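Examining the three-dimensional arrangement
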Amino acid sequence: TAPTVAMALVGSLCVLARWFDCKKAEMMVLDNGSGRLVRHLSKFGFAALEGDHCPTTTIDEPVSMSACCKRVAMNCCPEEWQRTLPAEKQLGALSRTVVR
């Protein structure tokens, strides 16, 4: 299935993060306690960070989740969008240019 627009944006951010050699994406997930958002993000490679609680119907606290940037970029950034971005082999050169 195609990712939602929101997940496509997350995938695009992971593409951008990879330009700067970022290996992992982390986010605070504000689930309403149902666990649906956490389960949805898990489909795209996100997992709760160690030591974080699992959401329950009585606990309505943010959950820290992380995922491999490469996996999220590949699974969530639409191919049409990826074609407009610099090629993966250009990532290192681009990040060195921007950081200077």
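Let me begin by describing the structure that accompanies this report. (Residues numbered from 1 in each chain as written. Predicted model: local features only at pLDDT ≥ 70, side-chain atom pairs only at ≥ 80, totals over all residues. Heavy atoms only, no water.)

**Quick look at the overall build of the chain**
Helices and strands together make up the secondary structure of the chain, namely five helices and three strands. Each helix and strand of the chain, placed in order from N terminus to C terminus, yields the pattern α-β-α-β-β-α-α-α. Residues counted as buried form 31% of the 100 residues belonging to the chain. At a minimum sequence separation of 6, the contacts of the chain that also span at least 24 residues come to 64%. As presented, the chain carries roughly 6800 Å² of accessible surface, and 58% of it is formed by carbon and sulfur atoms. (Helix = DSSP H or I, 4+ residues; strand = E, 2+ residues; numbered from the N terminus. Buried < 20%, exposed > 50% of the residue type's maximum accessible area, 1.4 Å probe, protein only. Contact = heavy atoms within 4.5 Å. Areas by Shrake-Rupley, 256 points an atom, 1.4 Å probe, with all protein chains shown as cover.)

**Structural notes on the sheet that holds strand β1 (residues 24-29)**
Pairing within the open sheet is antiparallel, and its three strands lie in the order β1-β3-β2. Each edge of the open sheet carries a strand with a single partner, namely β1 and β2 (47-48). Here two bridges tie β2 to strand β3 (residues 63-68), and the two strands are oriented antiparallel to one another. Directly across from alanine 47, in β3, lies its bridge partner serine 66. Helix α3 (residues 69-76) contacts β1 and β3 of the sheet and is inclined by roughly 80° relative to β3. (Pairing = 2+ DSSP bridges. Axes fitted to C-alpha atoms, helices over the stretch in contact; angles between N-to-C directions.)

**With respect to the pairing of β3**
For β3, the buried fraction is high: five of the six residues fall into the buried class. Two strands pair when backbone bridges link them, and β1 and β3 are joined in this way by six bridges, in the antiparallel orientation. Bridging from a neighbouring strand, glutamate 26 pairs with serine 66 of β3.

**Here we look at the nonpolar core**
The biggest cluster of nonpolar side chains holds 19 residues, and the ones touching the most others in it are Met7, Cys14, Leu41, Phe46, Met65 and Val72. Broken down by secondary-structure element, the contributors of at least two residues to this core are α1 (5-19), β1, α2 (36-42), β3 and α3. When residues in this core are grouped by element, the largest group, five residues, is from α1. Contacts of leucine 41, omitting those with residues within four sequence positions, involve Met7, Met27, Val29, Phe46 and Met65. (Core = buried A, V, L, I, M, F, W, Y, C linked by side-chain atoms within 4.5 Å.)

**Some details on unusual backbone geometry**
Despite not being glycine, aspartate 21 shows a phi value in the positive range, around 65°. For aspartate 21, the location among the structural elements is in the loop between α1 and β1. Aspartate 21 gets classed as exposed once you look at its relative accessible area, which sits at 54%.

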